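As a plain string of letters, each chain reads:
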Amino acid sequence: MFKVHAVAPHRLPQLLREMPKAELHIHIEGSLEPELIFALAQRNGVKLPYANVEALRAAYAFTNLQSFLDIYYAGASVLLHEQDFYDMAWAYLERAKADHVVHTEMFFDPQTHTERGVPMATVINGLHRACVDAQAQLGVSAQLILCFLRHLSEEAALQTFKDALPFKDKFIGVGLDSSEVGHPPEKFKNVFALAHAHGLHLVAHAGEEGPPAYMWSALDVLHVERIDHGVQAVHDAALMARLAKDRTPLTVCPLSNQKLCVFPDLKNHNIGQLLDAGLCVTINSDDPAYFGGYMNDNFVQTFEATGLNAQQAYALASNSFEGSFATEQQKNQWLHALKQTFQKFSEQD
Ligand code: HPA
Ligand code: ZN
């Protein structure tokens, strides 16, 4: 076990910013900033139901997940060409680099685009080209995870998966997102089994707004390797024990939970409780353009609001590597860099 020395409270934010970390829960369509939405709308001749950037931003007052999703899908309507998908991903990857994110596994929602007549090839090729360039030009390792929209049918998900199969070398796994309540994981049992048979990684959103039962079925029916969000697990002691025993990663998104009113305030977030219970918790941005911040905003604001310490900072960053789908060699390299950052901060004290 790596010994983490105490860090003076005023230096903790800088440590959080500088430490290398992985992001495991980012919807790339949720990284579209209002300025880029309007630039792409103009480039593509798409008419938006908002007069300008300020009017769009003013609409970002969410009360729950669905109130956000309605605006999020409207924003994605400006994406038409391969270069649009590239530009969106590249803008995020540059932000990731600035936040010392060394590895990212980005969700994308093909159905949001194919339903508007955008070909699967356009979506995947644009995003994948940005991933390749991120490694070469930014030194950021970037992978893609294809998400199914759970408010649509499993037949639609199966068709989407078949359409994506010719590009299987360009994504590493499948996930499940969109409106959670009323759409339990088991609705997608067959398409997840098929994805597993194709050697893909499996993850699913569960326990964001939905009950612990959805986390059980994500684990035991879909056989996911990670759970996205999962903050509702605290209401089920047996589930907490299971998650701790298996070290199932939870990709927690504090600013998202605050903006979508999952907790009344950031200071009420249960991330400390999840960490104390020995779970493999990670911090992520979810939809940074909509929820008020990228990775370092999530880290700094969460630590300030909930009083987490340097030991927990180390746990969160090392959990992000442990929970990633990177190679053991990559994980060891990032862990080494993480220890060096902590060493530097302890020597300066
Ligand atoms: N939850 C569910 N679906 C989503 C989210 C989320 O936080 N962000 C984008 N799609
Ligand atoms: Zn999400």
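Residues numbered from 1 in each chain as written. Chains lettered and ligands numbered in written order. Predicted model: local features only at pLDDT ≥ 70, side-chain atom pairs only at ≥ 80, totals over all residues. Heavy atoms only, no water.

1. Some thoughts on the overall build of the protein chain
Along the backbone of the protein chain there are 17 helices and eight strands. Taken over the C-alpha trace, the protein chain has a radius of gyration of 19 Å; the compact-globule value for 349 residues is 20 Å, and the two agree within 12%. For the C-alpha atoms alone, the extent of the protein chain along its principal axes is close to 55 × 40 × 40 Å. Sorting the 349 residues of the protein chain into buried and exposed places 58% on the buried side. By sequence separation, contacts in the protein chain at least 24 residues apart represent 77% of the contacts at least 6 residues apart. Taking the average place of the 26 positive charges on the side chains of the protein chain and the average place of its 40 negative ones, the gap between the two points comes to 4 Å. (Helix = DSSP H or I, 4+ residues; strand = E, 2+ residues; numbered from the N terminus. Rg over C-alpha atoms; globule rule 2.2 N^0.38 Å. Buried < 20%, exposed > 50% of the residue type's maximum accessible area, 1.4 Å probe, protein only. Contact = heavy atoms within 4.5 Å. Lys, Arg positive; Asp, Glu negative; His and termini not counted. Charge placed at Lys NZ, Arg CZ, Asp CG, Glu CD.)

2. A word on the nonpolar core
As a rule of thumb, nonpolar side chains are buried together in soluble globular proteins. Among the nonpolar cores identified, the biggest contains 115 residues, and Phe-192, Tyr-290 and Phe-342 are the most heavily contacted of them. Non-local contacts of Phe-342, meaning those with residues more than four positions away in its chain, are made with Phe-2, Val-4, Leu-15, Met-19, Ala-310, Ala-313 and Tyr-314. Residues Phe-107, Cys-147, Val-203 and Phe-325 belong to the second largest nonpolar core, which totals six residues. (Core = buried A, V, L, I, M, F, W, Y, C linked by side-chain atoms within 4.5 Å.)

3. Looking at the pattern of salt bridges
In this structure the tally under the stated criterion is twelve salt bridges. For Glu-105, the salt bridge goes to Arg-226, with nearest N and O atoms at 2.9 Å. Of this pair, Glu-105 sits in strand β2 (residues 101-108) while Arg-226 sits in strand β6 (residues 226-229), and the two are 121 residues apart along the sequence. Like Glu-105, the residue Arg-226 is buried in the burial classification. Between Arg-242 and Asp-246 there is a salt bridge; the shortest N-O distance is 2.9 Å. Of this pair, Arg-242 and Asp-246 both sit in helix α11 (residues 237-246), four residues apart, which is roughly one turn of the helix. Salt bridges linked by common partners bring Asp-220, Arg-242, Lys-245 and Asp-246 together as one network. (Salt bridge = Lys/Arg side-chain N within 4 Å of Asp/Glu carboxyl O.)

4. Quick look at the site of ligand 1
Near ligand 1 the following residues occur: His-27, Leu-65, Phe-68, Leu-69, Tyr-72, Asp-177, Ser-178, His-205, Glu-208, His-229, Asp-286 and Asp-287. With respect to ligand 1, the side chain of His-229 contributes an N or O atom lying 3.3 Å from an oxygen atom. With respect to ligand 1, the side chain of Asp-287 contributes an N or O atom lying 2.7 Å from a nitrogen atom. Computed on the free molecule, ligand 1 has an accessible area of 260 Å², of which 100% lies beneath the protein chains in the complex. In a pocket analysis with a 2 Å cut-off to the grid points, ligand 1 is assigned to the largest cavity. The leading source of residues in the shell around ligand 1 is helix α4 (residues 65-75), at four residues. (Near = heavy atom within 4 Å. Polar contact = N/O pair within 3.5 Å; in protein donor to acceptor, adjacent residues only side chain to side chain. Areas by Shrake-Rupley, 256 points an atom, 1.4 Å probe, with all protein chains shown as cover. 1 Å grid on protein atoms, 1.4 Å probe; cavity = no way out; pocket = protein on both sides within 12 Å on 5 of 7 lines; lining within 4 Å. Sits in = over half its atoms within 2 Å of the grid points.)

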